[in-house]
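Summary of the model geometry
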Amino acid sequence: QQEYMPYTADTEIDLSTQTTGNYIISSQHRRRGNPNKSIWTITFEEEVDCFIQALNGNWKAENEAWGIKFMNGVLQVVGQNHNRKELKLAKFVDGTNTNVWHGYPADHMNKAQDRPATNILKVWVTNGYLTKAKMSKIRLGQSCNL
C-alpha cells in the first residue's frame, strides 16, 4: 500500500509505478487560476486518477489523451468552463513531447480541439460509458446530457 503525499500544483508528479507518463497539475486550471480557462472541480487526487485511467486505458491519440470519471453508472462532472457550465470530459496534453502531461476539463461544445478522437469515443461506447447517440453529439460539438 503506497502512502500518498498530497499533490502540489505546478510540480511534476512521478507516476512511473502506475502508468507510462508523469503529470503536472496546472494551477491555471484551478480556482483563482486563469479566468478564461476551464477549471477542475474535482480534487487533485481525482484529477491524477483520471489521467492514470486515460493512459492505462490507452484513450489517447499521439500527444493527447481523454479521460472521464465514471461512478455508479454515471459520468461525473470534472469541472466547468469559463462560463461555469459543467463539463464531464477531460483532456490531457503532452505539450512538450517529454511524456510530462497536464490536463483540463474539455469543453466539447465550444472547442473543436476538445472533442475526443472517434476511436476513443467508440471504446467508451463499447465499455458502456456513453451511448452511440451521445457519441455522435460529442463528435458534432452538440449539447448532450452526458
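Report on the accompanying structure.

What follows deals with the sheet that holds strand E4 (residues 60-61). Spatial ordering of the open sheet is given by E1-E2-E11-E10-E5-E4, a layout of six strands whose pairing is mixed. The sheet terminates laterally at strand E1 (12-13) and E4, the two strands that pair on one side only. Relative to strand E11 (residues 100-106), strand E2 (residues 22-24) runs parallel, the two being bridged by two bridges. Its bridge partner being in E11, Tyr23 is matched across the sheet by Trp101. Contacts from helix H2 (residues 118-126) reach E4, strand E5 (64-67) and strand E10 (89-93), with the element oriented near 25° to E5.

Here the focus is the nonpolar core. One recurring pattern in soluble globular proteins: nonpolar side chains tend to sit buried together. Core analysis: the biggest nonpolar cluster contains 34 residues, and Tyr23, Val48, Phe51, Phe92, Trp124 and Leu130 have the highest contact counts within it. Within the residue set of this core, elements represented by two or more residues are helix H1 (44-56), E5, E10, E11, H2 and helix H3 (132-140). Once residues within four sequence positions are removed from consideration, Trp124 is found in contact with Trp59, Trp66, Gly67, Ile68, Leu89, Pro116, Tyr129 and Leu130.

Non-glycine residue Asp10 carries a positive phi angle of around 60°. One can find Asp10 in the segment before E1. Unusually for a residue other than glycine, Asn97 sits at a positive phi of about 55°.

Moving on, we come to the sheet that holds strand E3 (residues 39-40). If you trace the three strands from one edge of the open sheet to the other, you get E3-E8-E9, paired in antiparallel fashion. Edge strands, defined here as strands with exactly one partner in the open sheet, are E3 and strand E9 (86-87). Pairing geometry for E3 and strand E8 (residues 79-80), over two bridges, is antiparallel. What sits directly across from Trp40, in E8, is Gly79.

Once that is clear, we can look at the pattern of salt bridges. Applying the stated rule across the entire model yields three salt bridges. In this structure, Glu47 engages Arg30 in a salt bridge whose closest nitrogen and oxygen atoms are separated by 2.6 Å. Within this pair, whereas Glu47 is found in helix H1, its partner Arg30 is found in the loop between E2 and E3, the two being separated by 17 residues in sequence. You'll find Glu47 and Arg30 in the same group, each marked buried.

Among the seven residues in E11, six count as buried, and that is most of the element. Sheet topology places E10 next to E11; five bridges connect them, and they run antiparallel. Within E11, the position partnered with Leu89 by the bridge is Ala106. Once E10 ends, the chain turns through six residues before running back antiparallel as E11, passing Asn97 with a positive phi of about 55°.

In the contact formed by H2 and H3, the axes pass within 10 Å of each other and the chain directions differ by 160°. Classified by the angle their axes make, H2 and H3 are roughly antiparallel. Where H2 crosses over H3, the handedness of that crossing is right-handed. For the pair H2 and H3, the contacting residues are Thr118, Leu121, Lys122 and Val125 in the first and Lys132, Met135, Ile138 and Arg139 in the second. Tallied by class, the residues present in the contact of H2 with H3 amount to four nonpolar, one polar and three charged.

What counts, and at which threshold
- Residues numbered from 1 in each chain as written.
- Predicted model: local features only at pLDDT ≥ 70, side-chain atom pairs only at ≥ 80, totals over all residues.
- Heavy atoms only, no water.
- Pairing = 2+ DSSP bridges.
- Helix = DSSP H or I, 4+ residues; strand = E, 2+ residues; numbered from the N terminus.
- Contact = heavy atoms within 4.5 Å.
- Axes fitted to C-alpha atoms, helices over the stretch in contact; angles between N-to-C directions.
- Core = buried A, V, L, I, M, F, W, Y, C linked by side-chain atoms within 4.5 Å.
- Buried < 20%, exposed > 50% of the residue type's maximum accessible area, 1.4 Å probe, protein only.
- Salt bridge = Lys/Arg side-chain N within 4 Å of Asp/Glu carboxyl O.
- Parallel < 35°, antiparallel > 145°, perpendicular 65-115°, else oblique.
- Left-handed = near helix turned anticlockwise from the far one by under 90°.
- Nonpolar A, V, L, I, M, F, W, Y, C, P; charged D, E, K, R; others polar.

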